[in-house]
Amino acid sequence: MNNLHVLNLSAYTTPTIQEANRENWVEYGDDNNFYAYLIDRFTNSTTNNAIINNIARLIYGKGLSALDASKKPNEYAQFMALLHKDDIRKIVLDRKLLGQFAVQVHYNDKHDKILKAYHIPVNLLRAEKCDKEGKINGYYYSDDWTDVKKYAPVRYSSFGSSKDKVEILFSKPYAVGMKYYSYVYYQGCLPYCLLEEEIGYYLINEVQNGFSGTKVVNFNNGVPTDEQQNIISNKVLDKLTGSRGQKVIVAFNNNAESKTTVDDIPLNDAPEHYTYLSEECLKKIMLGHNVTSPLLFGVASTNGFSSNADELKNSSILFDNMVIRPFQEEIIEAFDSILAFNGISLKLFFKTLQPLEFTDLENAQTEEQVAEETGTELSAHTNPLIDLGEEPQDNWLLIDEKQVDYDTDDEENELLSKEPKQSLLSKIVNLVSTGSAFPNSNSEQDENIDGIKFFTRYKYVGELTKNRRAFCTQMILANKIYRKEDIIRMSSQVVNEGWGPKGADTYSIWLYKGGGNCHHRWNKQVYASFSGTSIDINSSKARQIAGKKAEQYGYKITNEKLVSTRPIDMPNKGFLPKNKKEN
């Protein structure tokens, strides 16, 4: 049976890991280029591309923050200066797409402090052969590993193994049988990624060249030697097979009797066949990425859930816990090791990004459930204070946040006891009961010191307890910051009706927040803006410079003690002696 040769399509194989005989690095895959194979599957497979991109977005979410950022503003500022958010995004994509990621760590001259950390493409790195103790002490970088003569690899020490000014932190999850590199998370579905590509190329080729069946090529001019058969088979393979195979073969023969014949093997039900293959690829690729529901990636599904919203909600929670968070924790652990070198300890976390419909639904339900949870009716009155709130601008650096809890001074008493200045803003607010938004308007507490702009704003903070009232729920969920003047001005506006003295609709929101028995308070936040200066807001010195300038020029804001006190902690729990109605 040596005369029959089966011409197979390209077969998928797992990457080969081997130490180079003549070099000090360890190759990854055939031709030392398995990363390129993964990138091709990402680029050419529609389903794989969409899933990897969307999972990377979910991992990054709304960015990296710290639970204790307000308690440790200096340390948090140092972290933000160490690693830019664009580098974090690239690190996330590398981890998901390539199975590992790397960070280029830069030290000062004394090697006692990390100055900056940058993303470095992990596909351009190769591990150094381990030492006698099994440790990897370095990594080699090359712009093109297929041409190391032109792009000579450069060695960098691994993180924590030297006193060099630049080191490489290479992070990879444990994989059985793998020492230098790690399999990608979706290793099992790579054959289906390749199959989906080939189906697409084949169908395009069919349309462009005319639909036809599979070909069998017969050579009727004698049986050549084994070596000649292999040569002929390879040539036919190049011309005919694969998704881009040619439909016309040009054969040269000695005479008509020895001509080459080509027989068709028709493919019945071709449309159904390719529909099945496409759907099978979609299922297997999603399974390989542990996708809990196709709806998460915009693919409709039918199941036992009462609605798509129910499926989206439950699948989102499951997918976040099983897939997204493990990725996030691994990346945070790497960042923690960098921070630890600088003596910084933060509770880092990625801000969660959920499908829009799910998030909006939750917010709406929270508002509607207030009446049931508190036992009272929601006020139909719009809170005008929220309309006056704002969000910090991108060029604002938070340099201080603390509870507003200071002794009374003359300047503060004067501001609180007198009617606020009738600015254009206050006149408009008095005319329009719902208030109007004036984002980033100047405050009397704002200062410009040597070109650095300082902004003081206040945030309504505290836990949303079960027995909360509508005003507090709205303020917490709005998550905005406010000028002091606007908060004080609301004493003449109906903001939280019925919670004033003897059931009045107006009272000092500045002092008494949500009214008697309220569990919330105001936090003071101080921001600095370096717009128009040469100071980089992301630099480690920005916060230090801002703090020194503020102290040098006596930039200090003081507020009444009642401002920082929760009504629940005030005498009579914030009620008048004869007005102790329950919350």
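If you're wondering where the values come from, they're calculated on a predicted model, not measured in any experiment.

1. Describing the environment of Lys-116
The residue Lys-116 is located in strand β5 (residues 114–120) in this model. When the C-alpha positions of Lys-116 and Phe-79 are compared, they lie 9.3 Å apart, and in sequence the two are 37 residues distant. Polar side-chain contacts of Lys-116 include one of 2.6 Å to the backbone oxygen of Ala-81.

2. As for the pairing of strand β17 (residues 521–529)
Across the nine residues that make up β17, a large majority, eight, are buried. Across seven bridges, strand β13 (residues 396–403) lies against β17 in antiparallel orientation. Of the residues in β17, the one forming a bridge with Glu-401 is Gln-525. Pairing analysis gives nine bridges linking strand β15 (residues 452–461) to β17, with the strands arranged antiparallel. From the neighbouring strand, Lys-459 faces β17, where its bridge partner is Asn-523.

3. Let's talk about helix α1 (residues 34–44)
Among all positions in α1, only Phe-34, Tyr-35, Leu-38, Arg-41 and Phe-42 are buried. The buried residues of α1 occupy an angular sector of 120 degrees when projected down its axis, which confines them to one face.

4. Quick notes on the state of the cysteines
Enumeration over the complete set of coordinates arrives at zero disulfides. No disulfide involves Cys-193; its sulfur sits 4.2 Å from that of Cys-189, the nearest cysteine. What makes Cys-193 buried here is its relative accessible area of 0%. Cys-472 supplies the cysteine sulfur nearest to Cys-518, a cysteine that is in no disulfide, at a spacing of 3.7 Å.

5. A short note on the packing of aromatic side chains
According to the stated counting rule, one finds 18 aromatic pairs in the structure shown. On the basis of an interplanar angle of 70 degrees and a centroid distance of 5.3 Å, the ring pair of Tyr-28 and Phe-34 is categorised as edge-to-face. Taken together through their ring pairs, the aromatic side chains of Tyr-28, Phe-34, Tyr-35, Tyr-37 and Tyr-181 make up a single cluster. Taking the ring centre of Tyr-37 as reference, the NZ or CZ of Arg-41 above it sits at 4.5 Å.

6. Some remarks on the nonpolar core
Counting residues in each nonpolar core, the largest one holds 71 residues, and the members touching the most others are Tyr-181, Phe-319, Phe-335 and Leu-348. Sorting elements by how many residues they give to this core places helix α8 (residues 308–341) first, with 11 residues. Apart from residues lying up to four places away in sequence, Leu-348 is in contact with Leu-64, Ser-65, Ala-66, Phe-79, Ile-332, Phe-335, Asp-336 and Leu-339. One finds Tyr-458, Cys-472, Tyr-482 and Trp-522 within the second-largest nonpolar core, a separate group that totals 22 residues.

The rules behind each value
Residues numbered from 1 in each chain as written. Predicted model: local features only at pLDDT ≥ 70, side-chain atom pairs only at ≥ 80, totals over all residues. Heavy atoms only, no water. Helix = DSSP H or I, 4+ residues; strand = E, 2+ residues; numbered from the N terminus. Polar contact = N/O pair within 3.5 Å; in protein donor to acceptor, adjacent residues only side chain to side chain. Buried < 20%, exposed > 50% of the residue type's maximum accessible area, 1.4 Å probe, protein only. Pairing = 2+ DSSP bridges. Arc of directions from axis to C-beta. Disulfide = S-S within 2.5 Å. Phe/Tyr/Trp six-rings, centres within 6.5 Å; stacked < 30°, edge-to-face > 60°. Lys NZ or Arg CZ within 6 Å of the ring centre and 35° of its normal. Core = buried A, V, L, I, M, F, W, Y, C linked by side-chain atoms within 4.5 Å. Contact = heavy atoms within 4.5 Å.

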